[in-house]
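# Summary of the model geometry
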Amino acid sequence: MTAAPEKNDIGFFQVPHGTKTNMTLKETPTLRVHSIESFGTHDGPGIRTVIFLQGCKLKCVYCHNPDSIAIEGGTEYKIDELVEKVLKMKPYFGKNGGVTVSGGEPLLQAKALLPFFKKLKEEGIHTNLDTNGRILNNFTKELLDKYADLVMLDIKHMTEEGYQSITGMRNKNTTFNFAKYRDSSGKKMWLRYVLIPGMTDSPELLHALGNYFKTYKTIERLELQPYHKLGVHKWKALGWEYPIPDARENTDKEIRNAVGILQNYFKKVTVN
Ligand code: SF4
């Protein structure tokens, strides 16, 4: 008999060691979707269908999709239905495009993502996972090892205190362990880092980020995401107080300076 999954101390379910993760479509027929963007050009290489899944355990102060945080909700899609949608877009993907699964936090639905990504790979479609990297269990390991061609990993902050003030949760090295696991698989990874004036943009933090990851072999690029206020109205619409009302957008000079520092450590630095 398989033991029931237990919640770990950061509030996520852990799959008991040795749990088999191979499953059929019948067992995991649906994904809860927040929204779908057919022609995405900001979430991975080329033209992509971006599927934003519903649910996230974090509450980042700058979240652009706060309406995707609630675990309940979203629209249930059968995996076959989603595959069909993607196949209609396949002619537009060209050489570099494909499918990105984002969120919310897609790995909360890792079990159902397995058959979805497996199907996409069978159809020869490039797969990309945009994640905060907090969940490393047998399901996510199988996704990382077998089916995710690319992982875009959000690095929220380089210190425990900073991570907690941005996300509301402790990190306890979960993101770093996730990065380490992906690197050991030898498969491609991009890091994403939101540059918030006064919170994440000090030279010390940027050097710490570079120093920490400079020996990683599978990081293809560091993608810097300037802070902007595009999501603020969504917080208001939810009746939530925007946590950093005084934050300002970066100046061009601040972005250039950050790129300059990070270029010492990463082979490619882009601004998205
Ligand atoms: S991890 Fe992403 S979806 Fe979740 S709260 Fe943070 S920014 Fe929003």
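Residues numbered from 1 in each chain as written. Predicted model: local features only at pLDDT ≥ 70, side-chain atom pairs only at ≥ 80, totals over all residues.

### Describing the packing of helix α1 (residues 79–93) against helix α2 (residues 110–122)
As a packed pair, α1 and α2 sit with axes 10 Å apart at the nearest point and diverge in direction by 35 degrees. Crossing angle aside, the handedness with which α1 passes α2 is right-handed. Across the interface between the two elements, I79, L82, V83 and V86 from α1 touch A112, P115, F116, K119 and L120 from α2. (Axes fitted to C-alpha atoms, helices over the stretch in contact; angles between N-to-C directions. Helix = DSSP H or I, 4+ residues; strand = E, 2+ residues; numbered from the N terminus. Left-handed = near helix turned anticlockwise from the far one by under 90°. Contact = placed C-beta atoms within 7 Å.)

### Quick notes on the nonpolar core
One broad trend across soluble globular proteins is that nonpolar side chains are buried collectively. Counting 61 residues, the largest nonpolar core has L143 and L191 as its most contacted members. Looking at which element gives the most residues to this core, the answer is α2, with 7 residues. Not counting the four nearest positions on each side in its chain, L191 is found in contact with L153, I155, F213, I219, L222 and E223. (Core = buried A, V, L, I, M, F, W, Y, C linked by C-beta atoms within 7 Å. Buried ≥ 20, exposed ≤ 12 C-beta atoms within 10 Å, placed from the backbone.)

### Considerations on the site of the ligand
The full set of residues close to the ligand is C56, L58, K59, C60, C63, N65, S68, I69, G103, G104, E105 and N132. Looking at the shell around the ligand residue by residue, the class counts come to 5 nonpolar, 5 polar and 2 charged. (Near = placed C-beta within 6 Å. Nonpolar A, V, L, I, M, F, W, Y, C, P; charged D, E, K, R; others polar.)

### A closer look at the pairing of strand β8 (residues 150–154)
The buried fraction of β8 is high, at 4 of 5 residues. Strand direction decides the pairing type here: strand β7 (residues 126–131) and β8, joined by 4 bridges, are parallel. Its bridge partner being in β8, L129 is matched across the sheet by V151. In this view, the connection linking β7 to its parallel neighbour β8 by way of helix α3 (residues 138–147) has right-handed handedness. (Pairing = 2+ DSSP bridges. Right-handed = clockwise from strand over helix to strand, strands pointing away.)

### Quick look at unusual backbone geometry
With omega at 15 degrees, the peptide bond leading from G103 into G104 counts as cis. In this fold, G104 is placed in the loop between β6 (98–102) and α2. One non-glycine residue, K172, lies in the positive phi region at around 50 degrees. On the secondary structure map, K172 appears in the loop between α4 (160–167) and α5 (174–185). The phi torsion at N173 lies on the positive side, around 70 degrees, for a residue other than glycine. Among the structural elements, N173 can be located in the loop between α4 and α5.

### Points about the confidence of the model for the protein
Per-chain confidence: the protein averages 91 in pLDDT, with 90% of residues scoring 70 or above. Below pLDDT 50 for its whole length, residues 1–28 participates in 36 contacts with residues either more than four positions away or in separate chains. (pLDDT = per-residue confidence, 0-100.)

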